[in-house]
Every structure is written in C-alpha cells, then in structure tokens.
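# Fold and contact review
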Amino acid sequence: MLNYFTQHILSFSIWLPVFSGIVVLAIANENKPDTTRWLALLGGIASFLVTIPLYTHFNFAEGGFQFQEGFSWIPAFNINYHLGVDGISVPLILLTSFTTVIVIISAWEVIQKRVAQYMACFLIMSGLMIGVFSALDAILYYVFWEAMLIPMFLVIGIWGGPNRVYATIKFFLYTLLGSLLMLVAFIYLYLSTGSFEITEYYKFSMPLNVQVLIFLAFFAAFAVKIPMWPVHTWLPDAHVEAPTGGSVVLAAIALKLGGYSFLRFAMPIAPDAAHHLSGYMITLSLIAIVYIALVALVQKDMKKLIAYSSISHMGFVTLGFFIFNNLGLEGAIVQMVSHGFISAAMFLCVGVLYDRVHSRQIESYGGVANTMPAFAAFAVFFAMANTGLPGTSGFVGEFMVILGAIQVNFWYAFLASFTLIFGAAYTLWMVKRVFYGEIANENVAALKDLNGREFLIMAILAALVLVLGIYPQPLTDMTNATVTQLLSHLAQSKLPVGLPSGL
Amino acid sequence: MENIRYDLITALPEIVIVCMAMFILLADLFLKPTNRIVIYILAQLSLLGAAYFTFSTHVPSVGYAFTGTFVDDTMADVLKLMIYLGTSMIFVYSRQYIQQRDMFRGEFYALALFSVVGMMIMVSGQNMLTLYVGLELLSLSLYALVALDRDNAKATEAAMKYFVLGALASGMLLYGMSMIYGMTGSLNIADINNALMSGPKIHSVLILGLVFIVSGLAFKLGAVPFQMWVPDVYEGSPTAVTMLISSVPKLAAFALVIRLLVQGLPTLAVDWQQMLMIMAVLSIIIGNITAIAQTNLKRMLAYSTISHIGFVLYGLMSASMNGFIFAMFYVVSYVLMTLAGFGIILLLSRKGFEADKLDDLKGLNQRSPWHAFLMLIVMFSMAGVPPTLGFYAKFSVLQAALAAGYLWLVVFAVLMAVVGAFYYLRVIKLMYFDEPADNNPIVAPMDMRVVLGINALALLVIGIMPEKLMELCIYAMTTSLS
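A quick note: this is a predicted structure, and the numbers were derived from the prediction, not measured.

The next thing to look at is the overall build of chain B. Tallying secondary structure elements over chain B gives 21 helices and 2 strands in all. Overall, chain B is about 70 × 60 × 40 Å in size when its C-alpha atoms are taken along their principal axes. Within chain B, the proportion of its 482 residues that are buried is 59%. The long-range fraction of contacts in chain B, counting pairs at least 24 apart against all pairs at least 6 apart in sequence, stands at 80%.

As structure tokens, then:
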C-alpha cells in the first residue's frame with residue numbers, strides 16, 4: 001500500500017482533491033453547512049499532506065523530471081497519462097495545495113449560499129491545477145489547463161459581485177482563445193514528431209520561422225494567463241468581481257500557470273524564437289512593470305489596485321525569464337512563489353474588510369487601525385512585503401531579477417527598479433488612506449477585529465512571507481539544478497543543421 | 001436460392017423494423033387509448049430486435065446483397081447500432097412529452113420507425129437509387145412527423161417549409177445522379193468508381209453532376225448555404241420531433257456522403273474537397289455568429305448544429321482515412337450531445353409549457369442542481385472544452401485538417417470556436433448565475449431521468465476515456481474503406 005502510494009504521489013496529489021470535491025458535492029446537505037465545511041477542510045488538508053513527500057523526497061541535486069508515472073491513455077493519438085515534476089513544478093504544487101486549505105478556511109462563515117458547490121469547485125480546481133504543473137504529456141496538460149477554467153468560471157459567476165457575468169465570461173473567452181491557439185501548436189508538433197510527449201518536443205529541431213509561429217501560439221495562451229500587457233484586461237475585472245477565495249486562487253496560482261508554462265513549453269520548445277523575440281518580451285514586461293504600476297496608483301477600488309499590482313509583479317517574472325541568466329530565472333521563480341503568498345494575503349485582507357463593510361472602495365474606509373489594531377498590523381506587514389521590503393519574500397525575487405537584469409543591460413534594471421518606488425507609492429498610499437487617520441464613518445467605528453479563524457490564516461501567511469524573505473535557501477536549492485539544466489538547454493540552438501535559418 | 005437467403009439475412013434488421021412498424025399501425029387500431037403503452041413497448045422491442053440481428057450477423061468484412069445494391073459492411077453495422085440506440089433514447093425522452101400533447105399514438109412510432117428504416121437504407125445503400133429511396137423514406141416520414149401536431153400552426157408551417165425545400169434538394173440530388181449515370185452508365189457505386197478510374201470522361205459534365213449531388217447532401221446535412229430550413233423547422237416542430245430530426249439522421253447523412261463521394265467519386269476528390277471546404281468555413285461562421293443572436297433555445301441549437309456540421313466537413317474535406325474516421329467520431333459525439341441537450345428541454349417542458357426559450361433555463365441550478373450539472377456538461381461538450389467528449393471530437397477533426405495542410409483554416413475554426421463558446425456559456429450563465437423565473441417542480445418518469453443522466457454523464461466519461469469509441473470508429477472505417 002505504502003509502496004503503491006510512493007509510486008503514485010503525483011496521481012494522489014491530483015485526484016485526492018478532485019475526489020474530495022466530488023464527495024463534498026455528493027454528501028452535501030444545505031441544512032447542515034458545517035458538516036460540508038469540515039468535510040471540505042478535511043479533504044483540503046489531506047490533499048496538502050499528500051503533496052509534502054514531493055518536497056521531502058525530491059532529489060535536489062539531480063534535477064530533471066522525478067516521480068514519473070504513466071500509462072498509455074489514448075493510443076489512437078499516442079497520448080499518454082504521463083506525470084513528472086522538476087524543481088520548478090514542486091514549489092508551485094505545494095503552493096497550490098496549501099492555498100486551497102487557506103481558501104477553504106477563509107470561506108468558513110463568509111459563504112452562506114451553496115456551500116458545497118463552492119468548496120467542491122475549489123477542491124476540484126486545486127487538483128486540476130496540480131495536474132497542469134505535473135503533466136508531461138501535452139494533451140494531458142491541455143485537458144487540465146482548460147478543465148480548470150470550468151470551476152473558476154462558476155466561482156466568479158455564482159458567488160461574485162454585481163458585474164460578475166461580464167467578468168467571468170470575459171475571463172473564460174480570453175483564456176479559451178489563447179489556449180486554442182496553443183492546441184493548434186500541439187497538433188502541429190504531434191504531426192511533426194508523432195508524439196505528445198513534452199520531452200520529445202525538447203529534442204525536435206525546427207527552422208526559425210516555424211519556431212516563431214509556435215512560440216507565438218504559446219505566447220497567446222500564456223501571456224493571457226500571466227497576464228502580460230496588453231492582454232491583461234480580463235484580470236482586473238475578474239479579480240474585482242470574484243469572491244475572496246476566487247481572487248486568492250487567481251492571483252496566487254492561476255497566474256503562475258502562465259509563468260510556469262513559459263518555462264515548460266514556449267521557451268524550451270522554441271528556444272531560438274525565444275531568443276529572437278526576447279527583446280519584445282522584455283519590452284512588454286517593462287511596460288507591465290512601469291505602466292501598470294502607474295495605473296495601480298490611480299485605482300479607487302482596493303481589489304482593482306491589488307490586481308494591477310499583480311500584473312506589475314508578474315512583469316518581473318517574465319522579465320526574469322527572458323534575460324536568460326541564472327539569477328533572473330531563479331529570481332522569477334522565487335517571485336512567483338512569494339507573490340503567491342503575498343497576493344493571497346492582500347486579497348484576504350480586502351476580504352476581511354469587505355465581509356464587514358461590503359465595500360471595496362478606498363474612500364469608504366479611514367482609520368481602520370483604530371478599531372482593528374491586530375488586522376492593521378498584518379495588513380501593513382503584507383503591504384510592506386508587496387512593496388518589496390528587505391526581510392520579506394517580496395524583496396528576494398525582485399532583487400534577484402534586478403541583479404540578473406543589470407548583467408544584461410543596465411537600463412532594463414533601471415526601469416525595473418522603478419517598481420520599488422511605484423509599488424511603495426500605490427501600496428502605502430492605499431494603506432494610509434484605509435488604515436490611518438481619523439475614523440472616517442460609523443461603519444469603520446463599528447468594525448470588530450479579526451476573529452480566531454482570520455487571525456490564524458493571517459498569521460500562517462505572515463510567517464511564510466517572513467521565512468521565505470529571511471531564508472529563501474530551501475526554495476532556491478530546489479530550483480537550482482533545474483534552472484541550470486533549463487538554461488543550458490536554452491543556450492543550444494534547435495535550428496536544423498545545414499539549412500539557412502528562415503527556411 | 002442461396003442468394004435470396006443471403007439477401008434476406010443481410011436485410012433482416014430492415015425487414016424486422018418495417019414489419020413491426022406496420023404491425024404497430026394495425027395494433028393501434030385495436031388498442032384502447034389507456035393501453036397505448038403497449039405501442040411504446042413494441043417500438044422499443046423492434047429496435048432491440050433489429051439491434052440483435054445487426055449485431056449477431058456482423059462480420060468484419062464487406063458483403064453485397066440484392067445484386068450489389070445493398071452492402072453490409074462494418075461502417076453500416078456500427079452506424080445502424082448507433083441509430084437504434086439514438087432512436088431508442090428519443091423514444092424514452094419523448095414519451096411523457098407526446099403523451100401530454102396528445103401525440104402519443106401509433107402514427108408517431110410507426111413514422112419514426114419508418115424513418116429509421118430510411119436511415120438504415122441510406123447507411124447500407126450501394127446504388128444511387130437505393131440511397132435515394134432511403135433518403136426519401138426518411139424525409140417523407142419526417143415531414144409527416146413535423147406536422148403530426150396538426151392544430152399547431154407553427155408546426156404546420158415548419159412542415160410545409162421542410163417539405164418544399166426538402167423536395168427541391170431531393171430533386172437536385174437526383175439530377176446530379178442522372179449526370180453521373182449519363183457519364184458512367186451505371187448507378188452502382190462500385191461500378192461508377194471503376195468507370196471513372198478506367199478512362200477519361202467529360203470533366204465538366206461530371207462536375208455539374210457533382211455540384212448537384214453536393215448541394216443535395218448539404219441540404220440534408222444542413223450546411224451553409226443550404227441551411228435556411230434548419231432553424232425554422234427546429235423551432236416549429238414539436239420538441240420530440242426536433243430531437244429526432246436533429247440527431248440520428250445526421251449519422252445517415254454522414255453515411256450518404258461516404259457512399260456517394262468517398263466510395264463513388266473518389267476520383268473527383270480534388271473537386272469535392274474544395275466544395276466541402278467552402279461549406280465548412282461558411283457553416284462555422286454563420287452557425288456560430290447567428291447563434292449568438294437567438295433567444296429561442298431550439299433555434300440556438302439549430303445554429304449550433306450548423307456549426308457542428310461545419311466541423312464534420314473539416315474532417316471529410318481532409319479526404320484521408322483519418323479524416324473520415326474523425327468525421328464519424330464527430331458525428332457520433334454530436335448525436336450524443338444533441339440527444340442530451342434536447343432531453344433536458346423535454347425534461348423541463350410540461351403540459352401547456354414548452355421550455356424552449358433560453359430564459360426558461362434560468363436558475364436551474366437552484367431548482368435542480370443535478371439537471372443543471374448535466375446541462376453544464378452538454379454545453380461544455382458542445383463548446384469543445386475538455387474533459388468532455390466534444391473536445392476530442394473537435395481536436396480530432398482539426399488534427400485531420402491540419403495533417404491535410406489546412407493550417408489557416410484550422411486557426412480560423414479555432415477562433416470561431418471561441419465565438420461559439422460564448423453562447424454556450426450564456427446558457428450556463430442562465431442556469432447558474434440567475435435566479436429562477438419558474439418554480440414548478442420538474443416531473444419526469446424515472447426511466448427518462450436515468451437514461452438522461454447516463455447520456456449526459458457519458459459525455460464526461462467518454463471525454464475522459466475516448467479510446468473505446470475512437471477504436472470503434474477506426475474499426476468501422478478501416479474495414480469498410482480499403
């Protein structure tokens with residue numbers, strides 16, 4: 001039994017949350033929501049626990065794909081159920097299963113209608129996202145990638161704000177458009193190589209113009225998901241309308257699906273195109289970092305502000321990818337994980353306020369620190385982390401990316417470091433207006449401080465942000481070997497030998 | 001003597017259904033209205049009997065009967081079994097609906113069974129005239145079925161429209177056949193192919209014939225620019241009949257395309273590929289874009305059908321073995337999706353109330369989470385979102401088209417699929433995000449609930465494990481076309 005488990009850890013990580021979600025749906029009784037909640041929490045925690053061996057049993061020094069398992073799934077197309085993880089996917093899988101637990105706890109009293117469906121959506125989504133991070137077969141990956149849209153679509157649409165229908169349909173169609181182009185690229189690669197194995201694609205050489213088309217098809221899918229400027233417009237809408245849990249999962253994990261996929265598909269499959277187009281990619285990243293930060297500055301809605309801040313921070317991630325050096329790439333991965341914690345915490349903070357006052361507008365608040373001192377302490381801490389204060393995890397990733405960028409081009413680093421200024425400006429200005437000053441109105445005066453449940457999740461997240469900020473070594477150890485392998489792969493041209501490029 | 005014996009055994013399923021249909025008509029005269037359930041059981045039994053004979057006489061080889069006008073190959077057997085299955089499901093879904101509308105009579109079942117025979121002959125015909133007779137038997141039964149609710153003005157208008165345009169299409173098909181006959185001297189599919197292979201013919205006459213044949217086929221499939229009848233007939237017919245028109249006959253129409261174009265006129269493939277290509281692209285555009293503007297669920301599904309047919313044509317126009325296999329896979333998936341979709345409409349309808357407006361689905365998740373979930377699967381499957389069957393259907397035909405070199409057409413189809421996703425999402429939005437406008441309890445017999453549940457869940461299960469269905473299609477096509 002134990003042996004079976006150790007050989008199929010990834011399958012358990014994927015299917016246990018999905019199975020728990022189905023059980024929650026099946027047993028659910030609208031009259032006894034507490035049973036449903038405890039059951040969901042149990043499922044979430046169990047799903048988190050089964051992912052822990054991925055960290056403890058991972059061979060850091062070796063890199064490469066580990067915990068591989070698989071069988072032939074659809075022989076007619078040579079599609080395999082093939083799973084495996086490397087140093088980039090493991091931290092993201094842990095992040096996913098951890099965030100799901102946080103989301104379940106955070107929804108405890110907040111979600112009152114259709115509790116079972118809400119919990120089940122998040123559990124199933126968690127499994128599907130872990131599937132995205134661990135699939136080594138293109139179609140398996142694609143199925144997880146698309147299937148994950150369905151629960152998210154429902155979460156935003158059922159439990160979202162007033163403009164939820166517009167936001168959720170926009171979210172779905174944007175993502176679908178990009179993904180379908182990626183599917184065409186997969187079919188093309190299948191027809192050329194006869195396989196959907198990702199590792200086969202790594203070896204397959206293509207002329208530059210084909211690589212560029214393949215890269216652009218992937219770009220359509222991943223740039224929308226990350227999101228990169230100018231295809232980011234779905235994100236602020238989706239974030240604003242989504243319930244707190246939806247925003248947390250979107251920001252903490254869904255955006256990372258895009259970043260991860262760049263590293264798994266677009267860059268290693270079409271490395272020459274990635275180098276060829278890196279100038280454009282860096283430009284788009286810098287626009288996101290600087291311009292979107294300015295956009296964040298003028299937001300009146302707290303969730304929208306954090307959404308724009310997410311886009312700006314993800315600009316760092318793509319910048320780190322496309323400067324092609326160790327520091328940049330590792331910094332980008334650290335930034336992805338760290339942003340997972342910080343943005344989740346920020347959205348939870350907004351959720352705490354929204355549950356009490358039912359407004360996300362900055363102007364509805366003022367002087368919250370007077371009535372909610374404990375909450376204010378956490379919120380200010382997370383805001384500091386968001387601006388990249390040294391000692392928090394936000395600092396590590398950004399600093400590494402800036403160091404990496406300066407090796408390539410001084411001006412990249414110069415522009416990127418603007419985010420430290422703008423980030424501080426929009427975050428701290430929001431904090432000032434919401435938390436400090438006189439008590440603005442009777443709503444704020446009536447606020448009650450954090451309850452035990454909220455305190456617990458805030459404290460866990462704060463601890464993680466701090467630990468990762470002071471001692472990021474475990475994370476960088478995990479990714480180090482994989483990043484080195486990836487960079488050496490990217491450095492080799494995959495253009496066919498003997499043909500002039502461009503043919 | 002031996003020949004006649006073989007002929008009769010080969011056509012046994014058809015003979016069983018014809019006899020039963022006539023028996024049902026007779027029996028209906030002697031049955032009290034309260035005992036009409038006997039008719040229903042007889043109809044189901046005749047499908048079961050035909051299925052038994054089709055299955056038990058199946059051999060993985062090609063056999064000809066009635067002096068080469070009738071063929072028994074694997075494709076025919078597989079498609080016939082699908083037709084029985086689909087029709088049987090239609091009978092289950094529609095029983096309550098037609099009882100409530102005073103259509104629960106022998107005629108309904110007799111006509112439906114005759115249409116099944118028509119489809120079977122289309123599937124097995126190996127001679128242009130046999131195929132034509134099968135097509136007419138199907139069409140005439142359907143015209144009568146549409147008008148069965150004779151006091152319903154909309155249904156009568158739909159029947160009239162269907163009949164006039166259908167007769168025109170049949171005429172075109174027949175005219176095209178006569179051209180081909182004139183050039184090759186034979187009506188037999190295999191002989192036509194041999195004649196065209198053996199020597200030069202006047203190309204322009206062949207093309208003229210081909211254009212008429214393709215037009216006739218396009219009408220029966222409901223492909224643009226011959227789609228005008230589809231939305232009106234779908235909307236006007238009683239939902240039970242719409243379900244019959246929109247689902248299983250597409251299997252027969254697919255077989256007709258294979259018999260006429262792929263087996264009979266492969267030498268003209270370059271020409272019909274181009275025609276199918278234009279129809280495919282237009283069907284996908286018009287189907288998907290017009291569907292967005294619909295408020296009537298049946299009309300929306302009509303336009304959705306047109307776009308699905310466009311995808312089937314993507315497979316056929318590839319003119320490769322894979323293309324035909326995947327087109328068949330698509331048609332079978334389409335039939336399963338359509339049956340489940342109309343099944344939900346029938347489920348929500350009750351006496352004096354047709355749940356055929358999009359708004360009638362509002363808040364279904366609060367009225368019945370289970371049925372909302374089933375419809376959710378159907379809609380995502382139609383939109384082609386994994387892990388549902390519709391995804392593999394689209395994936396495989398697009399793969400065939402890409403292998404045939406139609407890269408930009410595939411990209412185009414993919415973009416239109418996003419447009420299509422919008423109106424399917426709108427249905428889900430109505431079910432999940434809106435408050436119910438209608439709080440009547442959903443009443444349905446247990447057999448319908450169970451079959452509908454299996455039908456919709458099958459879209460998900462086969463979507464996760466498509467291998468068996470895919471193998472069946474591969475088996476059917478590779479042993480029949482070689």
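Structure's up, so let's keep going.
Below, the discussion takes up the overall build of chain A. Along chain A, the regular secondary structure elements total 24 helices and 2 strands. Here the C-alpha radius of gyration of chain A, 22 Å, is about what a compact globule of 503 residues would show, namely 23 Å. With the principal axes as the frame, chain A shows a C-alpha extent of 75 × 55 × 40 Å. The buried share among the 503 residues of chain A stands at 60%. Once local pairs closer than 6 in sequence are excluded, the contacts in chain A between residues at least 24 apart make up 80%.

Before going further, it helps to examine helix α5 (residues 115–134) of chain A. The first and last C-alpha atoms of α5 of chain A sit 29 Å apart over 20 residues, in line with the 28 Å expected at 1.5 Å per residue. With 20 of 20 residues buried, α5 of chain A is to be regarded as a mostly interior element.

Right, let's talk about the interface of chain A and chain B for a bit. In this complex, chain A contributes 25 residues to the contact, which on the side of chain B involves 25 residues. At the level of elements, α6 (138–147), α7 (149–159) and α8 (164–193) of chain A are the ones that each hand at least two residues to the side of chain A that touches chain B. Broken down by element, the residue count for the side of chain A that touches chain B peaks at 14 residues, all from α8 of chain A. Looking at the side of chain A that touches chain B residue by residue, the classes come out as 22 nonpolar, 1 polar and 2 charged.

The subject of this paragraph is unusual backbone geometry. Backbone geometry follows two general trends: most residues other than glycine have a negative phi, and most peptide bonds adopt the trans configuration. That bond from isoleucine 226 of chain A to proline 227 of chain A is cis: its omega, -15°, falls within 30 degrees of zero. Summarising the element assignment, proline 227 of chain A is placed in the loop between α10 (208–225) and α11 (234–241). In this structure, proline 225 of chain B follows valine 224 of chain B across a cis peptide bond, with omega equal to 5°. Positionally, proline 225 of chain B belongs in the loop between α9 (203–221) and α10 (229–236). A positive phi is found at phenylalanine 67 of chain A, a non-glycine position, where the angle reads about 55°.

On to the pairing of strand β1 (residues 66–74) of chain A, then. Within a regular beta strand, the side chains point alternately toward one face of the sheet and then the other, so they alternate between its two faces. All names here are of chain A. In this structure, β1 lies alongside strand β2 (residues 79–85), joined through 6 bridges in antiparallel fashion. Across the sheet, residue glycine 70 finds its bridge partner in β2, namely histidine 82. Counting the residues in the hairpin turn of β1 and β2 gives 4 residues, including asparagine 78, whose phi is positive at 60°.

Further remarks concern the environment of valine 146 of chain B. Residue and element names in this part refer to chain B. For valine 146, the position within the fold is in helix α6 (residues 128–146). Given 26 C-beta atoms within a 10 Å radius, valine 146 is considered buried. Separated by 92 residues in sequence, valine 146 and proline 238 have C-alpha atoms that sit 6.9 Å apart. Excluding residues that lie within four positions of it along the chain, valine 146 makes contacts with Ala155, Ala158, Ala159, Tyr162, Val233, Ser237 and Val241.

To continue, consider the packing of helix α4 (residues 74–100) of chain B against helix α15 (residues 321–348) of chain B. All names here are of chain B. As a packed pair, α4 and α15 sit with axes 10 Å apart at the nearest point and diverge in direction by 5°. Taken together, the axis directions place α4 and α15 in an arrangement best described as roughly parallel. The residues of α15 that touch α4, namely those facing Met82, Gly86, Met89, Ile90, Tyr93, Ser94 and Tyr97, are Val332, Val335, Leu339, Gly343 and Leu346. Class assignment for the residues of the contact of α4 with α15 results in 9 nonpolar, 3 polar and no charged.

A few words now on the environment of valine 18 of chain B. Residue and element names in this part refer to chain B. When you line up the elements, valine 18 lands in helix α2 (residues 12–30). Take valine 18: there are 19 C-beta atoms within 10 Å of it, and that puts it in the partly exposed class. Sequence separation of valine 18 and histidine 203 is 185 residues, and the distance between their C-alpha atoms is 41 Å.

Turning our eyes to something else, we now look at the confidence of the model for chain A. The predicted model of chain A averages 86 in pLDDT, with 98% of residues at 70 or higher. The lowest-confidence element of chain A is helix α22 (residues 442–445) of chain A, averaging 77 in pLDDT; the highest-confidence one is α6 of chain A, averaging 91.

All right, on to the environment of leucine 142 of chain B then. Residue and element names in this part refer to chain B. Residue placement: leucine 142 occurs in helix α6. Looking at leucine 142, the number of C-beta atoms within 10 Å reads 25, which means it is buried. For leucine 142, the residues in contact, after removing those within four places along its chain, are Ser115 and Ile245.

This paragraph deals with the packing of helix α2 (residues 9–27) of chain A against helix α3 (residues 33–56) of chain A. Residue and element names in this part refer to chain A. One can describe the packing of α2 onto α3 by two numbers: an axis separation of 9 Å at closest approach and a directional angle of 175°. In terms of orientation, α2 lies roughly antiparallel with respect to α3. Taken together, the residues of α3 that come into contact with α2 (itself represented by Ile9, Phe12, Ser13, Leu16, Pro17, Ser20, Val24 and Ile27) are Thr36, Leu39, Ala40, Gly43, Ala46, Ser47, Val50, Thr51, Pro53 and Leu54. Of the residues in the contact of α2 with α3, the class split is 12 nonpolar, 6 polar and no charged.

Quick look at helix α12 (residues 249–264) of chain B now. All names here are of chain B. Relative to the 22 Å expected for 16 residues at 1.5 Å per residue, α12 spans 21 Å between its end C-alpha atoms, a close match to the ideal helical length. Along α12, the sharpest kink reaches roughly 25°, centred on isoleucine 258. Burial of α12 is extensive: 15 of the 16 residues sit out of reach of the surface.

Chain-level statistics for chain B give a pLDDT mean of 90 and a share of 100% at 70 or above. Both scores are available for the predicted complex, with the pTM at 0.91 and the ipTM at 0.86.

What counts and what doesn't
Residues numbered from 1 in each chain as written. Chains lettered and ligands numbered in written order. Predicted model: local features only at pLDDT ≥ 70, side-chain atom pairs only at ≥ 80, totals over all residues. Helix = DSSP H or I, 4+ residues; strand = E, 2+ residues; numbered from the N terminus. Buried ≥ 20, exposed ≤ 12 C-beta atoms within 10 Å, placed from the backbone. Contact = placed C-beta atoms within 7 Å. Rg over C-alpha atoms; globule rule 2.2 N^0.38 Å. Expected span 1.5 Å × (residues − 1). Nonpolar A, V, L, I, M, F, W, Y, C, P; charged D, E, K, R; others polar. Pairing = 2+ DSSP bridges. Axes fitted to C-alpha atoms, helices over the stretch in contact; angles between N-to-C directions. Parallel < 35°, antiparallel > 145°, perpendicular 65-115°, else oblique. pLDDT = per-residue confidence, 0-100. Bend = angle between axes of the 7 residues up to and from the residue.

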